[in-house]
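# Structural features, examined
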Amino acid sequence: MFTKTAAADRPTTADPAAAPTVTPTSVPGGPSIPHSVGVSDEEFRAALSRLAAGVVLITAHDPDDGPRGEDVGMTATAFLSVSLEPPLVMVSVRNDSRMDDLLEQQPLWAVSVLSAGQSHIAGRFAMKNRISDRLLFEGIAHERGEAAGALLIGGALATLECRTEQRVVAGDHTLVIGRVLTASALADDDGPLTYFRGKYRRLG
């Protein structure tokens, strides 16, 4: 929880020029929080690249694209569990991306937690400026989930089908929070696919 700091508790300096430059950042439902403007994009990316993350494939079906619609996929590392009661998960999608545009209209989507041997799938759906996702799914084992109608990747460590409960715009991304409708996991697996310092890696 964010709280406002009392003036007496704030650090002071005798030389105003020595104080760091800050810009108030508005937080919905709360006070403005000072935000340093001295962090470059490169510094931010370098710091966050040291955080190892699991890799998932987010999928959804676009019923309006052609006579039978089209399946869309997006590789994501910003995915996490939010709540147990009710079961909620969250994924971060870039604003104005194909997946963001689709999930704004389509409340049903799915998650496939990729295994260590599925880095080729992650790389395929992380490509920029691709023409059609239909071609990207070719040669990849999958089935269509009954609850969300989205594709579930064969051999994934786990799969979940979700329905959007809330969308929160956060900077240049939107946080999509979904209620889990179905969930399954492999009994045996070869470990997760992880992303660390800009590369896909095996755990251990």
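Up top you'll find the structure we're talking about.
The structure reproduced in this document is the subject of the present report. (Residues numbered from 1 in each chain as written. Predicted model: local features only at pLDDT ≥ 70, side-chain atom pairs only at ≥ 80, totals over all residues. Heavy atoms only, no water.)

Another point: the pattern of salt bridges. Following the criterion strictly, the structure yields seven salt bridges and no others. Note that Asp71 is salt-bridged to Arg144, the shortest N-O span being 2.9 Å. Of the two residues, Asp71 sits in strand β5 (residues 70-76) while Arg144 sits in strand β9 (residues 142-144), which places them 73 residues apart along the sequence. By relative accessible area, Asp71 is classed as buried at 13%. When its relative accessible area of 43% is taken as the criterion, Arg144 is described as partly exposed. Residues Arg179 and Glu165 are paired through a salt bridge, measuring 3.1 Å at the closest nitrogen-oxygen approach. Remark: Glu165 occurs in strand β11 (residues 158-170) and Arg179 occurs in strand β12 (residues 173-185); sequence separation between them is 14 residues. Accessibility expressed as a relative area gives 28% for Arg179, which makes it partly exposed. Connected through salt bridges with shared partners, the residues Asp62, Glu70 and Arg98 form a single ionic network. (Salt bridge = Lys/Arg side-chain N within 4 Å of Asp/Glu carboxyl O. Helix = DSSP H or I, 4+ residues; strand = E, 2+ residues; numbered from the N terminus. Buried < 20%, exposed > 50% of the residue type's maximum accessible area, 1.4 Å probe, protein only.)

Next up on the list: a positive patch on the surface. Residues Arg50, Arg197, Lys199 and Arg201 make up a contiguous surface patch of positive charge. Relative to the assigned elements, Lys199 resides in strand β14 (residues 199-202). A relative accessible area of 53% places Lys199 in the exposed class. (Patch = residues over 30% accessible without salt bridge, like charges linked within 9 Å, V, L, I, M, F, W, Y side chains within 5 Å. Areas by Shrake-Rupley, 256 points an atom, 1.4 Å probe, with all protein chains shown as cover. Lys, Arg positive; Asp, Glu negative; His and termini not counted. Charge placed at Lys NZ, Arg CZ, Asp CG, Glu CD.)

This part covers the pairing of strand β4 (residues 56-62). In terms of residue burial, β4 counts as a mostly covered element, since seven of its seven residues are buried. With four bridges joining them, β4 and strand β8 (residues 108-113) adopt antiparallel strand pairing. Residue Thr59 lies in a different strand from β8, and its bridge partner there is Ala110. (Pairing = 2+ DSSP bridges.)

Let's shift gears to the environment of Ala46. Tracing the backbone shows Ala46 in helix α1 (residues 41-48). Note: C-alpha distance between Ala46 and Arg197 (151 residues apart in sequence) is 7.7 Å.

On to the nonpolar core, then. In this structure, Ile58, Met74, Val91, Met99, Trp109, Val111 and Cys162 are the most contacted members of the largest nonpolar core, which totals 18 residues. Among the elements of the structure, β4, β5, β7 (88-94), α2 (98-105), β8, β11 and β12 are those that each provide at least two residues to this core. Beyond its immediate chain neighbours, meaning those up to four positions away, Met74 contacts Val56, Leu57, Ile58, Val91, Ser92, Val93, Met99, Phe125 and Arg130. (Core = buried A, V, L, I, M, F, W, Y, C linked by side-chain atoms within 4.5 Å. Contact = heavy atoms within 4.5 Å.)

Before going further, it helps to spend a moment on the sheet that holds strand β3 (residues 53-54). Paired through their backbone hydrogen bonds, the strands of a sheet run either parallel or antiparallel. In space, the three strands of this open sheet follow the order β3-β13-β14, with antiparallel pairing throughout. If you trace the sheet from one side to the other, it starts and ends with β3 and β14, each paired once. Summarising the sheet, strand β13 (residues 193-196) and β14 pair through four bridges and their orientation is antiparallel. In the sheet register, Leu193 faces β14, and the bridge partner there is Arg202.

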